[in-house]
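# Structural overview for review
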Amino acid sequence: MLAHKAVQAEPPIPFCLQLLIVPVIDNTADPGGVPFASWAENKNTVQLTPARMLWFRDTYLPNHADRAAWGSSPIFAPDESFKKLPKACVMVMELDVLRDEGIAYAEKMKGAGVEVEVKLYKGAPHPIISMDGMSAVPR
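So, here's what we can say about the structure. Quick caveat, the model's predicted, so the values are computed rather than measured.

### Observations regarding the packing of aromatic side chains
The geometry of an aromatic ring pair is captured by the separation of the ring centres together with the interplanar angle, meaning the angle of the planes. Per the stated rule, a full pass over the model turns up two aromatic pairs. Their ring planes at 75° and their centres at 5.1 Å tell us that W55 and F56 sit as a pair that is edge-to-face.

Right, dumping it as C-alpha cells:
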C-alpha cells in the first residue's frame with residue numbers, strides 16, 4: 001500500500017525497491033479458499049490459522065466496506081498505480097494462508113511491467129523469518 005501511495009503522491013516519492021515478506025494483500029479473502037486456495041490448504045498450519053487471520057482482520061478493519069478499499073487491500077489499487085511501482089521481491093511461505101495472495105500480487109505487478117522476484121520458501125510456515133533456531137537450543 002505504501003508504494004502505491006508513494007507513486008500517486010504529488011510529486012511522486014521515489015522508491016528503489018519493494019520488499020514484501022508474507023504480505024497481506026487482499027482483506028476480502030475467504031477462509032474457504034476463495035479466491036486463494038492457500039487459505040484452505042493451510043488451515044491447520046502453525047501460528048497463522050484462518051481464525052487468527054480473521055481475528056486480525058476484524059480487529060484492524062471492523063468496517064467491512066473498508067476491506068475492499070485498496071488502502072487495505074493493495075491488490076485492488078488502480079492499474080495505473082501498478083505500472084509506476086518499483087521492482088519488488090515478494091517472499092512467501094509454502095505453509096502459509098497468505099501464500100497465494102503474495103503470489104497473485106506479484107503476478108499483477110509483473111503484468112503491469114514491474115520487475116518482480118518471488119521467493120517461495122518450501123515447507124516453511126508464516127513466521128519462519130523470525131525463527132532463528134535459538135529457541136530450540138537448551139540454555
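### Thoughts on helix 5 (residues 99-111)
Under the 1.5 Å per step criterion, the end-to-end length of helix 5 is 19 Å for 13 residues, consistent within 8% with the ideal 18 Å. Turning to helix 5, its buried residues are R99, D100, E101, G102, Y105, A106 and M109. Where the residues of helix 5 are buried, they touch helix 1 (2-8), strand 1 (18-21), helix 2 (38-41), helix 4 (79-83), strand 2 (88-95) and strand 3 (116-125). Among the residues trailing helix 5, G113 stands out with phi positive, at a value near 95°.

### Digging into the sheet that holds strand 2
Ordered by their spatial adjacency, three strands build an open sheet running 1-2-3, and the pairing between neighbours is parallel. Either end of the sheet is taken by a strand with one partner, and the two such strands are strand 1 and strand 3. Going from strand to strand, the sheet's axes swing by 15° on average, the running direction of each strand aside. Pairing analysis gives seven bridges linking strand 2 to strand 3, with the strands arranged parallel. Its bridge partner being in strand 3, L95 is matched across the sheet by P125. Sheet strands in contact with helix 5 are strand 1, strand 2 and strand 3, and its direction is about 150° off that of strand 2.

### Observations concerning the side chain of S38
Along the chain, S38 turns up in helix 2. On the basis of relative accessible area, S38 is assigned to the buried category, the value being 0%. A polar contact of 2.7 Å, which involves the side chain of S38, links it to the backbone oxygen of V97. When neighbours within four sequence positions are excluded, S38 is seen to be in contact with D96, V97, L98, R99 and D100.

### As for the environment of P12
With respect to the helices and strands, the residue P12 is situated in the loop between helix 1 and strand 1. Placed 72 residues apart in sequence, P12 and K84 show a C-alpha to C-alpha distance of 9.7 Å. Aside from chain neighbours lying at most four places away, what touches P12 is A6 and V7.

### Describing the pattern of salt bridges
Inspection of the entire model under this criterion finds seven salt bridges. Salt-bridge contacts for E41 lead to R99; the nearest nitrogen and oxygen are separated by 2.6 Å. Of this pair, E41 sits in helix 2 while R99 is found in helix 5, placing the two residues 58 residues apart along the sequence. Note that K110 is salt-bridged to E107, the shortest N-O span being 3.5 Å. With K110 and E107 both in helix 5, this residue pair falls three residues apart, about one helical turn.

Reading the values: the criteria
Residues numbered from 1 in each chain as written. Predicted model: local features only at pLDDT ≥ 70, side-chain atom pairs only at ≥ 80, totals over all residues. Heavy atoms only, no water. Phe/Tyr/Trp six-rings, centres within 6.5 Å; stacked < 30°, edge-to-face > 60°. Helix = DSSP H or I, 4+ residues; strand = E, 2+ residues; numbered from the N terminus. Expected span 1.5 Å × (residues − 1). Buried < 20%, exposed > 50% of the residue type's maximum accessible area, 1.4 Å probe, protein only. Contact = heavy atoms within 4.5 Å. Pairing = 2+ DSSP bridges. Axes fitted to C-alpha atoms, helices over the stretch in contact; angles between N-to-C directions. Polar contact = N/O pair within 3.5 Å; in protein donor to acceptor, adjacent residues only side chain to side chain. Salt bridge = Lys/Arg side-chain N within 4 Å of Asp/Glu carboxyl O.

From the geometry alone we can't say anything about function, so treat these as descriptive.
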